[in-house]
Amino acid sequence: MADALHYLELTALAARLKARDISALDVTRAQLDRIDAMDRDLGSYVHVMAETAIAEAKAADAEIAQGRYRGPLHGVPIAVKDLFWTKGIPTAAGTTLHRDFRPSEDATVVRRLKDAGAVILGKLQLTEGAYSDHHPLVTPPKNPWNASYWPGISSSGSAVATAAGLCFGSLGSDTGGSVRWPSAANGLTGLKPSWGRVSRHGAFELAATLDHVGPIGRSAADAGALLGVIAGHDPNDPTSVFNPVPDYLAAAAQDVQGLRIGVDAAWNSDDVDVATQRVLADAIDAFRALGAGIVDVRFPDVMQAIADWTPNCAVEAAVAHEATYPAPQG
């Protein structure tokens, strides 16, 4: 069963769970077995929450059988980056300094996943404090398609686990590309949501004005299913917006006839490898064939913004770690 299921898209698995032609318990056990067999080499998980995952899967099966279906994450095994608080579970944020920290509450996004009936398989590896590199005592996760390929930066564990079939979707954080780059490196769909769309309460801070929480999935629909659950205002995060949360899955099913899509040809070609250019060109052709209008646009020069990101992030990271830096890290 594991071989038949582990690469399913989240939304495809959700349909089977809702129809009760497969159980959340069987899927969760298969995922835990696969993690046990493969993750010694891949290194995507920091902490596997097997006992609670089994309990959550059993609860999901019981509720679905009773007709109390909560939505597209109900019974689906997923995992979260180890900078999101999980009540009573170690949450180290890629550091050794915080390796014994056990939060007294769940991060808002973790609580929302649980409220949606998701099965949390465990906590995923990341760079130290979600910054640029892994702690020297941490073995970086390996790209499952080729161990010599780059796995991405901060949310590397989230992307590796999702790509390797060790969860059906995951959460990461993006301060300067940390959801998008690992997703691209591992062949996934990752999204950095708009500022304030997703609460950051209960997430270790890297840079307060730059941090975003985002989903990683195997398709745009999977990312939409995850975002639809974690998005929304949170009174515990004053930067979260009050805007209503759209039905992202419904929007994904709409056709694109008449949609206008802006494309900057130079942006898609300058310093972009040939294979990526080819994929972008194929996507443009597909949208055009489906009735979308392709409009030439020119993006503003972003080089100054890129140059400004490093010092701004460094200053905010220093503020975030003021209470503990310098401190023994071994």
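Structural data are supplied above this passage.
All values derive from a computational prediction rather than experimental measurement. (Residues numbered from 1 in each chain as written. Predicted model: local features only at pLDDT ≥ 70, side-chain atom pairs only at ≥ 80, totals over all residues. Heavy atoms only, no water.)

Counting its regular elements, the protein chain contains 11 helices and 8 strands. Across its three principal axes, the protein chain shows a C-alpha extent of roughly 55 × 55 × 45 Å. In the protein chain, buried positions account for 46% of the 330 residues. Put simply, the protein chain shows about 16,000 Å² of open surface, and 56% of that area lies on carbon and sulfur atoms. (Helix = DSSP H or I, 4+ residues; strand = E, 2+ residues; numbered from the N terminus. Buried < 20%, exposed > 50% of the residue type's maximum accessible area, 1.4 Å probe, protein only. Areas by Shrake-Rupley, 256 points an atom, 1.4 Å probe, with all protein chains shown as cover.)

Right, let's talk about the sheet that holds strand E1 (residues 45-48) for a bit. Spatially, 6 strands are ordered E1-E3-E2-E4-E6-E5 in an open sheet, and the strand pairing comes out mixed. Either end of the sheet is taken by a strand with one partner, and the two such strands are E1 and strand E5 (189-190). Pairing geometry for strand E2 (residues 77-81) and strand E3 (residues 119-124), over 4 bridges, is parallel. Note on E3: the bridge partner recorded for Lys 81 is Leu 124. (Pairing = 2+ DSSP bridges.)

Moving on, we come to helix H3 (residues 24-42). Along H3, the largest kink reaches about 40 degrees and is centred on Asp 36. Restricting attention to buried positions, one finds in H3 the residues Ala 24, Leu 25, Val 27, Thr 28, Ala 30, Gln 31, Leu 32, Arg 34, Ile 35, Asp 39 and Leu 42. (Bend = angle between axes of the 7 residues up to and from the residue.)

Further remarks concern the pattern of salt bridges. Counted under the stated rule, the structure contains 10 salt bridges. Glu 63 serves as the salt-bridge partner of Arg 68, at 3.5 Å between the closest nitrogen and oxygen. Owing to a relative accessible area of 48%, Arg 68 belongs among the partly exposed residues under this scheme. Using a relative accessible area of 11% as the deciding quantity, one classes Glu 63 as buried. Ionic pairing is found between Arg 298 and Asp 264, a salt bridge with its closest N-O pair at 3.3 Å. Of this pair, Arg 298 sits in the loop between strand E8 (293-296) and helix H11 (303-320) while Asp 264 is found in the loop between strand E7 (260-263) and helix H10 (274-289), placing the two residues 34 residues apart along the sequence. You can call Arg 298 exposed: its relative accessible area is 62%. Overall, Asp 264 belongs to the buried group, its relative accessible area being 4%. When salt bridges with common partners are traced through the structure, they connect Glu 63, Arg 68 and Arg 70 into a single cluster. (Salt bridge = Lys/Arg side-chain N within 4 Å of Asp/Glu carboxyl O.)

With that settled, the discussion passes to H11. Residues spaced three or four apart along an α-helix point in a common direction, a consequence of the helix completing one turn every 3.6 residues. For H11, spanning 18 residues, the distance from its first C-alpha to its last is 26 Å, which sits close to the expected 26 Å at 1.5 Å a residue. Burial in H11 covers these residues: Cys 313, Glu 316 and Ala 317. (Expected span 1.5 Å × (residues − 1).)

Glancing now at the packing of aromatic side chains. Under the criterion given, the structure shown has 5 aromatic pairs. Measuring from ring centre to ring centre gives 6.1 Å for Trp 85 and Phe 101, while their planes differ by 70 degrees; the resulting arrangement is edge-to-face. Remark: Phe 101 occurs in the loop between E2 and helix H5 (108-115) and Trp 85 occurs in the loop between E2 and H5; sequence separation between them is 16 residues. Looking at Phe 101, the relative accessible area reads 30%, which means it is partly exposed. Seen from their ring centres, Trp 267 and Phe 299 are 5.3 Å apart, and the 80 degrees between their planes marks the pair as edge-to-face. (Phe/Tyr/Trp six-rings, centres within 6.5 Å; stacked < 30°, edge-to-face > 60°.)

Across soluble globular proteins, nonpolar side chains show a tendency to be buried alongside one another. Counting 59 residues, the largest nonpolar core has Tyr 45, Phe 84, Val 109, Leu 113 and Ile 230 as the members making the most contacts within it. Considering each element in turn, this core owes the most residues, 6 residues, to H3. Excluding its chain neighbours within four sequence positions, the residues that come into contact with Phe 84 are Thr 91, Ala 107, Val 109, Val 110, Lys 123, Leu 171, Gly 172, Gly 202, Ala 203 and Val 213. (Core = buried A, V, L, I, M, F, W, Y, C linked by side-chain atoms within 4.5 Å. Contact = heavy atoms within 4.5 Å.)

Here 4 bridges tie E7 to E8, and the two strands are oriented parallel to one another. By the bridge assignment, Arg 260 is partnered in E8 with Gly 293.

On the secondary structure map, Phe 287 appears in helix H10. Distance in space between the C-alpha atoms of Phe 287 and Leu 259 is 9.1 Å, their sequence separation being 28 residues. In contact with Phe 287, not counting residues within four places along its chain, are Val 256, Ile 261, Ala 292 and Ile 294.

That is the geometry; function is a separate question.
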